[in-house]
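Here is what each chain is made of, one letter per residue.
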Amino acid sequence: MVDVSQHELVPEHTVLDDEDVEDVLADYDIEVTDLPKIKLKDPALPDDAETGDVVKIVRDSRTTDKAIVYRLVIE
């Protein structure tokens with residue numbers, strides 16, 4: 001079976017620790033439930049991701065070199 005998360009077109013996904021999550025929420029002045037969602041079944045998620053985690057996704061961007069987005073892992 002192919003590991004989709006290792007494909008060259010899949011952006012880097014990283015599970016944030018609690019301190020980093022608090023920093024992100026403070027920077028954007030939002031609650032964790034305001035973040036866009038990503039399903040736990042998504043094959044691009046790291047193996048250690050669990051429901052309720054916040055994932056940082058770093059994508060290549062034509063305009064800003066790197067685009068960083070955050071997602072809340074849901075069931």
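Residues numbered from 1 in each chain as written. Predicted model: local features only at pLDDT ≥ 70, side-chain atom pairs only at ≥ 80, totals over all residues. Heavy atoms only, no water.

One non-glycine residue, Asp 29, adopts positive backbone phi at about 50°. Looking at the element boundaries, Asp 29 is found in the loop between helix 1 (18-28) and strand 2 (37-39). For Asp 65, which is not glycine, the phi dihedral falls at a positive 70°. Since its relative accessible area comes to 56%, Asp 65 is described here as exposed. (Helix = DSSP H or I, 4+ residues; strand = E, 2+ residues; numbered from the N terminus. Buried < 20%, exposed > 50% of the residue type's maximum accessible area, 1.4 Å probe, protein only.)

For the rest of this paragraph, the subject is the pattern of salt bridges. One pass over the full model with this rule turns up 1 salt bridge. Close ionic contact of Lys 66 with Asp 60 constitutes a salt bridge, the shortest N to O distance being 2.8 Å. On the basis of relative accessibility, which here comes to 44%, the residue Lys 66 falls in the partly exposed class. (Salt bridge = Lys/Arg side-chain N within 4 Å of Asp/Glu carboxyl O.)

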